[in-house]
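Take a look at the letters that make up each chain.
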Amino acid sequence: MTLHRPHSFNRIVLVDFIFIAAFVPRFWEKLGSSAMQAVGFGAAISIEKLSWGESVLGGDAEIRSPGDCNDSLVKLRCGRNARVVACATSYSVPPAALTEASVLTRERYGFRAQSSVTTEPSERSFMSAEQKVFEVVQKQAAMVNEERRRSVMSLQDVRSHFMAGSAVNVLDEAYVRCGEVCAEYSKTFYLGTKLMTPERQRAIWAIYVWCRRTDELVDGPNASRITPTALDRWEDRFEDIFRGQPYDMLDAALADTVTKFPVDIQPFRDMIDGMRMDMVKSRYANFDELYLYCYNVAGTVGLMSVPVMGIAPESKATTESVYNNALALGIANQLTNILRDVGEDARRGRIYLPQDELARFGISDADIFAGKVSDKWRAFMKDQIKRARVFFVEAEKGVRELDKDSRWPVWSALILYQKILDAIEANDYDNFTRRAYVAKWQKLVSLPVAYGRALVPPPDALARLSR
Ligand SMILES: CC(C)=CCC/C(C)=C/CC/C(C)=C/CC/C(C)=C/[C@@H]1[C@@H](COP(=O)(O)OP(=O)(O)O)[C@]1(C)CC/C=C(\C)CC/C=C(\C)CCC=C(C)C
């Protein structure tokens, strides 16, 4: 992911950072002890050495997942009837450290860390990441089907809460600012939203800005100073948005958006979880683990966006299938980003590639750190690109089903990201020293192509028209 950010946005992130730092207890003291913090919030603890029922804190917490929990998500049930979710990773944290970390977590936060993808001891712990994510998709789809509105607080309440004492229409200004941020960061997304109804356009901007700010915390200029506790603060602040109590004007735009569209809270929480995972995890044992990460940081964007973009009234596709396609686009985009950024990530000591597949191709971490473009590497990359393309194909099925005004930006994003894969091939798979990018002229050409595709109505509707 890009490291260079527009200055104005850096300021926003800095304000967030100061906010987080100011409110996090002993924030500065904890700098430098990141390993302890990493286990402290309980989001990524390896429990390889513990088995089901084993007591971690002399009865206070115990592993509730049966058998070997090596690559599953497990739930730690705690004395206070609250939960900490641990995501098993390839890291080994000795049980002693886990004990300490759990105590630390309990004292500070009353075990409030959570995740959507927790497992039940008997059945869910053996599910693949895809199965777990599918449950989130089902929930979001059901929410849209039932036309349930997130009316925690009405628009009027949000306005009056946030605008107390102010003469100007802060909410309108907030949306304008969201649009500016979106335009600064992604001209293509921004341009694409221009065809949407003003209400949808503004809502996508608000979601975009929240995602961007969340990503900036772990990937922006202040990332090295952000701790898991800072992310906890960010999550608290996010929960307030859904309660209709925004902290700043950009949050207010999202608070308003979630009262107008049936956007579920879970994908947002899951994105924060993904960022947590990213802070402590630098290897992915297999594709299942990588898939979960991609869902968290990018698949969630698809799930957040579709309730706003809308499904075409003439579409015959099920809501669930469209959400699966949206999820596929997020996964495809993230996999593409990962393949493009292998060299950049390696320089930060990170390898977002399935370790078992690397081993199968005879590639070691050392080969990656050395930036070796061997035949083995080319063969491996071909395989990874092929997989990313499968997700793109899956996503394409859903773009056609979207509301007509929403199809253009999504086709644009899809075509542009696909072209990054072509660029990796054109670079002869050297993603260590050459950055795969889409030239400006290619971007310009893809816009009318995307527009043309967007004119095509959903397949079933097309069949009915031709009858
Ligand atoms: C029009 C449109 C595509 C709308 C989506 C707008 C939106 C809310 C975007 C948020 C993007 C964002 C800031 C996510 C934070 C996490 C993150 C950084 C994810 C990576 C994006 C690109 O990152 P970055 O800008 O850093 O990349 P560069 O390094 O600068 O190139 C991701 C790779 C993922 C973004 C995921 C999507 C765009 C998925 C969008 C899916 C849909 C809109 C669903 C479409 C519906 C169907 C049915 C297919």
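None of the values given here were measured: they were computed from a predicted structure.

Criteria and cut-off values
Each chain has its residues counted from 1, following the order in which its sequence is written. Local features in a predicted model are, by the rule used here, given only for residues with pLDDT of at least 70; side-chain atom pairs are given and counted only at 80 or more, and totals for whole chains, interfaces and linings are based on all residues. Secondary structure elements follow DSSP: runs of H or I no shorter than four residues count as helices, runs of E no shorter than two count as strands, and numbering proceeds from the N terminus. Contact between residues is assigned whenever the C-beta positions, reconstructed from backbone atoms, fall within 7 Å. Take the number of residues in a helix, subtract one, and multiply by 1.5 Å to get its expected span. Backbone-placed C-beta atoms define the burial measure: a residue is buried with 20 or more other C-beta atoms within 10 Å of its own, exposed with 12 or fewer, and partly exposed in between. Each residue receives a C-beta atom built from its backbone; the residue is near a molecule or strand if that atom lies within 6 Å of it. Three classes are used: nonpolar for Ala, Val, Leu, Ile, Met, Phe, Trp, Tyr, Cys and Pro, charged for Asp, Glu, Lys and Arg, and polar for all others, with Gly counted as polar. Any nonpolar core is a set of buried residues, restricted to Ala, Val, Leu, Ile, Met, Phe, Trp, Tyr and Cys, that join up through C-beta atoms within 7 Å. Domain borders in the structure are assigned automatically or taken from a domain database. Only the stretch in contact is used when a helix axis is fitted, and all axes are lines through C-alpha atoms; the angle between N-to-C directions ranges over 0 to 180 degrees. Angle categories: roughly parallel below 35 degrees, roughly antiparallel above 145, roughly perpendicular from 65 to 115, and oblique for all the rest. Each crossing gets its hand from how the near helix is turned against the far one by less than a right angle, where anticlockwise is left-handed and clockwise is right-handed. Per-residue confidence from the prediction method is given by pLDDT, with values spanning 0 to 100.

K.L.:
I would appreciate a short explanation of the overall build of the protein chain in the present structure.
P.N.:
Secondary structure summary: the protein chain contains 20 helices and 3 strands in total. At a minimum sequence separation of 6, the contacts of the protein chain that also span at least 24 residues come to 75%.

K.L.:
Is there a simple way to explain helix α19 (residues 440–454) in this structure?
P.N.:
For an α-helix the count is 3.6 residues per turn, leaving residues at separations of three or four pointing the same way. The end-to-end C-alpha separation of α19 is 21 Å, in line with the 21 Å expected for 15 residues at 1.5 Å each. Looking at α19, one finds that the buried residues are Ser-446, Ala-450 and Ala-454. Considering only its buried residues, α19 is in contact with α18 (404–426).

K.L.:
Explain the site of the ligand here, please?
P.N.:
The immediate surroundings of the ligand are formed by 31 residues, with Cys-211, Ala-298, Ala-326, Gly-398 and Pro-409 found nearest. Elements with a contribution of two residues or more to the shell around the ligand: α7 (187–193), α8 (198–219), α12 (287–309), α13 (319–340), α17 (375–399) and α18. Top contributing element to the shell around the ligand by residue count: α13, with 8 residues. Partitioning the shell around the ligand into residue classes produces 19 nonpolar, 10 polar and 2 charged.

K.L.:
Even after reading the chapter, I still don't get unusual backbone geometry, so can you show me in this structure?
P.N.:
Trans peptide bonds make up the majority, and among non-glycine residues the majority have a negative phi. Unlike most non-glycine residues, Asp-428 shows phi in positive territory, near 55°. Locating Asp-428 in the fold gives a position in the loop between α18 and α19. On the basis of neighbour count, Asp-428 is assigned to the exposed category, with 11 C-beta atoms found within 10 Å. Of note, the phi angle at Tyr-429 is positive, near 65°, even though the residue is not glycine. Considering the arrangement of structural elements, one finds Tyr-429 in the loop between α18 and α19. On the basis of neighbour count, Tyr-429 is assigned to the buried category, with 23 C-beta atoms found within 10 Å.

K.L.:
When you look at the nonpolar core in this model, what are you seeing that I'm missing?
P.N.:
In summary, soluble globular proteins display a tendency toward joint burial of nonpolar side chains. Core analysis: the largest hydrophobic core is formed by 104 residues, its most contacted members being Cys-178, Ala-206, Ile-207, Ile-331, Ala-332 and Leu-414. No other element matches α12, which puts 15 residues into this core. Residue-level mapping places this core at the junction of two domains, with at least three residues from each of domain 1 (1–31 + 150–261) and domain 3 (128–148 + 266–467). Residue contacts for Ala-206: discarding those within four places in its chain leaves Tyr-175, Cys-178, Ala-253, Leu-254 and Thr-257.

K.L.:
Explain the packing of α8 against helix α10 (residues 249–260) to me, please; I cannot follow it from the model alone.
P.N.:
In a pair of packed helices, the angle between the axes and the distance between the axes together describe the arrangement. Remark: α8 packs on α10, axes separated minimally by 9 Å, with the N-to-C direction vectors making an angle of 125°. Considered as vectors, α8 and α10 are oriented oblique to each other. Taken as a pair, α8 and α10 cross one another with a handedness that is left-handed. Contacts between α8 and α10 involve Glu-199, Ala-203, Ala-206, Ile-207, Val-209 and Trp-210 from the former and Leu-250, Ala-253, Leu-254, Thr-257 and Lys-260 from the latter.

K.L.:
Looking at this structure, I do not really get α10. What am I missing?
P.N.:
Taking 1.5 Å as the rise per residue, α10 with 12 residues should run 16 Å; its terminal C-alpha atoms sit 17 Å apart, in good agreement. Of all 12 residues that make up α10, 10 are buried, and the element is covered over most of its length. For α10, the full list of buried residues reads Leu-250, Asp-251, Ala-252, Ala-253, Leu-254, Ala-255, Asp-256, Thr-257, Val-258 and Thr-259.

K.L.:
Can you walk me through the environment of Ala-223 in this structure?
P.N.:
With respect to the helices, strands and loops of the structure, Ala-223 is situated in the loop between α8 and α9 (228–242). Those residues in contact with Ala-223, other than ones at most four positions away along the chain, are Leu-217 and Val-218.

K.L.:
I would appreciate a short explanation of the environment of Asp-278 in the present structure.
P.N.:
When you line up the elements, Asp-278 lands in helix α11 (residues 266–280). For the pair formed by Asp-278 and Ala-174, sequence separation is 104 residues and the distance between their alpha carbons is 30 Å.

K.L.:
Mind showing me how you'd approach the confidence of the model for the protein chain here?
P.N.:
Atomic detail in the predicted coordinates should be set aside for any region of low pLDDT. Of the residues in the protein chain, 66% reach a pLDDT of 70 or more, and the chain-wide mean stands at 75. Predicted confidence is poor over residues 1–124, with pLDDT under 50, and the contacts of this stretch with residues over four places away or in other chains come to 211 contacts. Long-range and interchain partners of residues 147–155, a stretch whose pLDDT sits below 50, account for 18 contacts in this model, where long-range means more than four residues apart. Here the predicted complex carries an ipTM of 0.95, next to a pTM of 0.73.

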